Amino acid sequence: MIRLAVTIAHKELRLEWRSRVLLWQVLPFAVMAMVIAGLAVGPDQSTGRRLAPGLLYLIITLVALQVIGRSHAADDARETSVSITMLGIDGGANYLGKVLALFTHLVVVTVPLVSVDAVLFHLRSEEVFRAAPFVALSLAAIASSGVLYGALSRGSAALLPVLALPALAPVVMAGERTLTALIHGGIVARWVVLLAVMTVVYGAIGVLLYGAVEES
C-alpha cells in the first residue's frame, strides 16, 4: 500500500509541476493575503505578535481549500476515479497518496508564508524554528481531513467549504494555540496531542472509507 501511495503522490506532484498553478497562482495569492493582513494590523509590534498565529492559519486554510478543490475538480475532469475503480487500485493507497501530495503542496506554500509572517509581525527566528515541527503536524492534519472532504464535495467549489471548514476548525484552533503558546508562553503539549489525534483519526477514517466515497 505504501509503495502504491508514493506512486500516486508522485503522479499528483508531477501534474502540479507541469501546470505550475501552485507556484504562479496559489502562492502569490497567499503572500498577498498575508501582506494585506499585515497592513490591516498596522505597525504595532505587540498587536502583530499576538495576531500572527491566527492570521497564518487562516491563510493556510484558504490555500488548502483552493488546492483541495482544484485537485478533485481536475480528477473529475479526467475521470480519474473511474479509472482507479476499473484498475482495482486500493482506495486506502489512493487516499494516502493524495494526502502526501496535498501535504507537500501545503509545505511549499507555507514555508515562504511563514517567512513573510515572521517579517510582518515581528517574530524571532528561534520562535519560527521551534514552531516548524508543530506547523508541519497541523499541515498533516489539514491534509488528512481535506482529502476526505474534497471527495465528499465532488469537486464543488461551493460545497467544499461547507463540508470541510467544520472539520478543519479544530485543527486551525489547535495550531493557532500551539504557536501562541510557543511565542507568548503557555502549555503546548495538550494542543500538540490534539493535532496528533486528529491526524491519526482522520487518516484512519480516510484509509477505511475513501474508496467507498470515491465509488459512490
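Now for a quick tour of the structure. (Residues numbered from 1 in each chain as written. Predicted model: local features only at pLDDT ≥ 70, side-chain atom pairs only at ≥ 80, totals over all residues. Heavy atoms only, no water.)

**Digging into the overall build of the protein**
Of the regular secondary structure elements, the protein holds eight helices and zero strands. Secondary structure elements in the protein, listed N-terminal to C-terminal, are α-α-α-α-α-α-α-α. Evaluated residue by residue, the protein yields a buried proportion of 46% over its 216 residues. Restricting the contact set of the protein to residue pairs at least 6 apart, pairs at least 24 apart contribute 84%. (Helix = DSSP H or I, 4+ residues; strand = E, 2+ residues; numbered from the N terminus. Buried < 20%, exposed > 50% of the residue type's maximum accessible area, 1.4 Å probe, protein only. Contact = heavy atoms within 4.5 Å.)

**What to know about unusual backbone geometry**
The residue Arg-20 is not glycine, and still its phi comes out positive at about 65°. Positionally, Arg-20 belongs in the loop between helix 1 (2–19) and helix 2 (21–41). With a phi close to 65°, His-122 is a non-glycine residue in the positive phi region. Tracing the sequence through the fold places His-122 in the loop between helix 5 (91–120) and helix 6 (125–153).

**With respect to the packing of aromatic side chains**
What the rule picks out here adds up to zero aromatic pairs. Note that Arg-20 overlies the ring of Trp-17, its terminal NZ or CZ placed 3.9 Å from the centroid. (Phe/Tyr/Trp six-rings, centres within 6.5 Å; stacked < 30°, edge-to-face > 60°. Lys NZ or Arg CZ within 6 Å of the ring centre and 35° of its normal.)

**So, the pattern of salt bridges**
Taken as a whole and judged by the stated rule, the model has six salt bridges. With a shortest N-O distance of 3.4 Å, Glu-126 and Arg-124 are connected by a salt bridge. Taking relative accessible area as the criterion, Arg-124 reaches 42% and is therefore assigned partly exposed. Here Arg-177 and Glu-176 are joined by a salt bridge, their closest N and O atoms 3.3 Å apart. Overall, the relative accessible area of 38% leaves Arg-177 in the partly exposed class. In the salt-bridge network here, residues are joined through shared partners; they are Arg-49, Arg-124, Glu-126 and Glu-127. (Salt bridge = Lys/Arg side-chain N within 4 Å of Asp/Glu carboxyl O.)

**A few points about the environment of Ala-132**
Relative to the helices and strands, Ala-132 resides in helix 6. Residues Ala-132 and Leu-179 lie 47 residues apart in sequence; the distance between their C-alpha atoms is 9.5 Å.

**So, helix 1**
An ideal rise of 1.5 Å per residue puts 26 Å on 18 residues; helix 1 measures up with 26 Å between its terminal C-alpha atoms. Restricting attention to buried positions, one finds in helix 1 the residues Ala-5, Ile-8, Ala-9, Glu-12 and Glu-16. Viewed along the axis of helix 1, the buried residues span an arc of 100°, placing them on a single side of the element. Exposed side of helix 1, more than 90 degrees from the buried face: Arg-3, Trp-17 and Arg-18 are the residues found there. One or two residues past the end of helix 1 sits Arg-20, with phi positive at roughly 65°. (Expected span 1.5 Å × (residues − 1). Arc of directions from axis to C-beta.)

**A look at helix 7 (residues 159–184)**
For helix 7, built from 26 residues, the straight-helix expectation of 38 Å at 1.5 Å per residue is met to within 8% by its first-to-last C-alpha distance of 37 Å. By the largest-angle criterion, Leu-165 marks the main kink of helix 7, which is about 45°, and a proline, Pro-166, follows within four residues. Count one or two residues on from helix 7 and you reach Gly-185, which has phi positive near 90°. (Bend = angle between axes of the 7 residues up to and from the residue.)

**Examining the environment of Ile-187**
Mapped onto the elements, Ile-187 comes out in the loop between helix 7 and helix 8 (189–215). When the C-alpha positions of Ile-187 and Arg-177 are compared, they lie 9.0 Å apart, and in sequence the two are ten residues distant.

**A short note on the packing of helix 6 against helix 7**
In contact at an axis separation of 9 Å, helix 6 and helix 7 are set at 170° when each is read in the N-to-C sense. Comparing the axis directions of helix 6 and helix 7 gives the class roughly antiparallel. Here the residues of the contact of helix 6 with helix 7 are counted per class, giving 17 nonpolar, five polar and two charged. (Axes fitted to C-alpha atoms, helices over the stretch in contact; angles between N-to-C directions. Parallel < 35°, antiparallel > 145°, perpendicular 65-115°, else oblique. Nonpolar A, V, L, I, M, F, W, Y, C, P; charged D, E, K, R; others polar.)

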